[in-house]
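Summary of structural features
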Amino acid sequence: MSSRARRAFVMASLEQYLALLLNFAMVAAVSRILTPAEIGIAVIGMGIGVIVFSLREFVTAEFLIQLPHVSGRDVRTAMTVLTAATLLLAALLVAASPLLARYYGEPGMEVFLWLIAAATLVETLSLPALALMRRDMAFGTITRIRTAGMALTVVTTILLALLGFGFMSYAWGALAGSVLDTGLSWLARRDARDLRPTFASWRAVYEFGRFRGATGFIDRAYDALPSLVLGRLLTPFAVGIYNRANAVCAIPDRTLLGAVFSFAFPALAAEVREGRPVGEHYLRAISYITACYWPALILLAVLATPVVAFVLGPDWGEVVPLVRILSIASLFFFPVILTRPVLMALGHNRDAFVAHFICRAVAAVVLCAASPFGLLVMVSGQLIAIPIEMAVSLWFVRKHVGFAWHDLGRILMGSAAVTAGAAAGLTGALALFGFRFDLSMTEAMFAAFAAAGGWLLAVVFMRHPVKDELRPIIEQARRACRRSINIPAASTTSEPG
């Protein structure tokens, strides 16, 4: 990995880590203020908004990343089509909000959906600027903007929850964060705030967005579907429990994989533009992901009880078995996160859509079929759904990248050995505590450090490729943290990485 690409990856990772910390603070605080039913109502309302506004993906501004050269007309076209699409979708959502509120038996959801529509409309105005910054790999600027917006969202949500706003706190928090995101994005990229309408580059929007839009819609609809189904078949309480189980299980995902897509598509697109093959980069990325992601999931599955108590509080014991099941199922998720950026960078948007459609359609059928039997059965369905996603993702990527199965197997064996090292350290710690799973926070931290020590020894002993990246990434992160202190200067300029 080149120094520029490494720095870009570090900044993309830093954004995800800061967002994770802020989201962790909000989840921990709000889970101790609101009831599971109130959280469930908010999740249902946001899920409706996610499905409706995912249709914006058909006119996504990310076509700017793929263009060989970007003109002012391209940027204005992105702003025009995005704003028009969002206005139409917002109007439809507002018109349907009374019916949706009655359907879920919650009158307050009507106003909640109005605020979600307003927040999304404001957020839309920032998307062309963010796409240009991703094209330039200006992840440092993006990190500062996203962190500031997320911080305002978190503070607003927690404060309003304390003041008794209930589930409406989430909607007002989303609106406040969107306003700040857009303001800072416009300051950072003054060339992306021209509101004069034009459709001059509509063909580029169409060619890029037709499959990307379908893929994005399927992806977001799938993510929101379980909560909407549970909210209708069971209760908002069940939705709240399911949401918090996903939030806890997403900690390794967001920590280790969240930056991958943000970084991977621009980086791979740059490789393709320069005529370099991406197969080697793909296998190396798989190697890094599995070496870090697998041990984290094993650790979470074993330490689910203290982790849930720490993150959510002592009254969320129902979440623990769900977290364990989701952690084991997620072991098969490692290639899925790379499928879209690889296929999109190679220009195979149609295959990216087909792969996502197959994965999500099968998984949706499994989850919906299991949902009437309760939360535990529904979550267990992920043990079927995610391995299917893994198999489909690998097949489609191999079709265009052409890696050898034995090369992939060799990489996965190395990561499995590293994971075994982490598991050995964890097992040793558990032996000291009588192989109990209801550990205290002090005991859980000791077990986590033991697992990290076992992982590090295995990385060094096995000479895993991730070893070569640890030292420079840590150094880059340290330098990036020092530079990020200068927020006023960074928020008004676009740095190269």
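In the nomenclature of an unreviewed UniProt entry, the protein chain corresponds to Oligosaccharide flippase family protein from the organism Chelativorans petroleitrophicus. Listed under Subcellular location (unreviewed entry) in UniProt, the entry text for the protein chain is "Cell membrane".

As a further point, take the overall build of the protein chain. Looking only at helices and strands, one finds 21 helices and zero strands in the protein chain. Within the protein chain, the fraction of its 497 residues that count as buried is 55%. Summed over its atoms, the accessible surface of the protein chain is roughly 20800 Å², and 69% of this surface lies on carbon and sulfur atoms.

With respect to the secondary-structure elements, serine 327 resides in helix H13 (residues 319-329). Not counting residues up to four positions away in its chain, the partners in contact with serine 327 are Cys249, Leu297, Leu300 and Ala301.

Time to look at helix H19 (residues 441-462). Since the α-helix advances by 3.6 residues per turn, residues separated by three or four positions end up pointing in the same direction. Here H19 contains 22 residues, and its C-alpha end-to-end distance of 31 Å stays within 8% of the 32 Å for a straight helix at 1.5 Å per residue. Considered for burial, the residues of H19 that qualify are Glu443, Ala444, Ala447, Ala451, Gly454, Trp455, Ala458 and Val459. Summarising the axial view, the buried residues of H19 lie within an arc of 150 degrees, below the 170-degree limit, and thus occupy one face. In H19, the exposed positions that point more than 90 degrees away from the buried face belong to Thr442, Phe449 and Leu457. The first or second residue beyond H19 is arginine 463, which carries a positive phi of 55 degrees.

Before going further, it helps to examine the pattern of salt bridges. Tallied over the entire structure, the rule returns seven salt bridges. Note that glutamate 123 is salt-bridged to arginine 56, the shortest N-O span being 3.4 Å. With a gap of 67 residues between them, glutamate 123 in helix H5 (residues 109-124) and arginine 56 in the loop between helix H2 (36-53) and helix H3 (63-66) connect regions that are remote in the sequence. Judged by its relative accessible area of 22%, glutamate 123 falls in the partly exposed class. A salt bridge links arginine 146 to aspartate 181; the shortest N-O distance between them is 3.7 Å. Separated by 35 residues along the polypeptide, arginine 146 in helix H7 (residues 139-162) and aspartate 181 in helix H8 (residues 168-188) bring together distant segments of the chain. Residue class for arginine 146 comes out partly exposed when judged on its relative accessible area of 23%. Taking relative accessible area as the criterion, aspartate 181 reaches 10% and is therefore assigned buried.

As a further point, take unusual backbone geometry. Of note in this structure, phenylalanine 435 is not a glycine but carries a positive phi near 55 degrees. Phi is positive for arginine 463, close to 55 degrees, though the residue is something other than glycine.

Once that is clear, we can look at the packing of aromatic side chains. Within this structure, the stated rule accounts for eight aromatic pairs. Both rings, one in phenylalanine 112 and one in phenylalanine 167, keep their centres 5.9 Å apart while their planes meet at 45 degrees; by these two values the pair is tilted. One end of the pair, phenylalanine 112, is in helix H5; the other, phenylalanine 167, is in the loop between H7 and H8, with 55 residues separating them in the sequence. The residues phenylalanine 112 and phenylalanine 167 share a single accessibility class, namely buried. Summarising the aromatic geometry, the rings of tryptophan 395 and phenylalanine 396 are spaced 5.0 Å apart at their centres and angled 80 degrees between planes, so their arrangement reads as edge-to-face. Relative accessible area serves as the criterion here: at 7%, phenylalanine 396 is assigned to the buried category. What links up through ring pairs into an aromatic cluster is the set Tyr282, Phe403 and Trp405. Taking the ring centre of phenylalanine 437 as reference, the NZ or CZ of arginine 324 above it sits at 5.6 Å.

Turning to the environment of cysteine 359, a few remarks are in order. Position of cysteine 359 among the secondary structure elements: in helix H15 (residues 349-370). A sequence separation of 141 residues divides cysteine 359 from isoleucine 218, and the C-alpha atoms of the two residues are 9.6 Å apart.

So, about the packing of H2 against helix H4 (residues 72-103). Between H2 and H4, the shortest axis-to-axis distance is 10 Å and the interhelical angle comes to 145 degrees. As for the relative orientation of H2 and H4, their crossing is right-handed in sense. Residues Ile48, Val52 and Phe53 of H2 form the contact with H4, whose participating residues are Thr86, Leu89, Ala90, Leu93 and Leu100. Residues belonging to the contact of H2 with H4 are distributed by class as follows: seven nonpolar, one polar and no charged.

So, about the packing of H2 against H5. Across the interface, H2 lies against H5 with an axial gap of 10 Å and an inter-helix angle of 45 degrees. When the axis of H2 is compared with that of H5, the two are oblique. Note that H2 runs across H5; the crossing there is right-handed. From H2, Ile41, Ala42, Ile44, Gly45, Met46, Ile48, Gly49 and Phe53 reach across to H5, where they touch Met109, Phe112, Leu113, Ile116, Ala117 and Thr120. Of the residues that constitute the contact of H2 with H5, the class distribution is eleven nonpolar, three polar and no charged.

Inspection of the secondary structure assignment puts phenylalanine 396 in helix H17 (residues 382-401). Separated by 53 residues in the primary sequence, phenylalanine 396 and leucine 343 place their C-alpha atoms 8.4 Å from one another. Sequence-distant contacts of phenylalanine 396, defined by excluding residues within four places in its chain, comprise Leu343, Asp351, Val354, Ala355 and Ile358.

Here is what the cut-offs are and how they apply
Residues numbered from 1 in each chain as written. Predicted model: local features only at pLDDT ≥ 70, side-chain atom pairs only at ≥ 80, totals over all residues. Heavy atoms only, no water. UniProt positions renumbered as here; feature names shortened; annotations may be inferred. Helix = DSSP H or I, 4+ residues; strand = E, 2+ residues; numbered from the N terminus. Buried < 20%, exposed > 50% of the residue type's maximum accessible area, 1.4 Å probe, protein only. Areas by Shrake-Rupley, 256 points an atom, 1.4 Å probe, with all protein chains shown as cover. Contact = heavy atoms within 4.5 Å. Expected span 1.5 Å × (residues − 1). Arc of directions from axis to C-beta. Salt bridge = Lys/Arg side-chain N within 4 Å of Asp/Glu carboxyl O. Phe/Tyr/Trp six-rings, centres within 6.5 Å; stacked < 30°, edge-to-face > 60°. Lys NZ or Arg CZ within 6 Å of the ring centre and 35° of its normal. Axes fitted to C-alpha atoms, helices over the stretch in contact; angles between N-to-C directions. Left-handed = near helix turned anticlockwise from the far one by under 90°. Nonpolar A, V, L, I, M, F, W, Y, C, P; charged D, E, K, R; others polar. Parallel < 35°, antiparallel > 145°, perpendicular 65-115°, else oblique.

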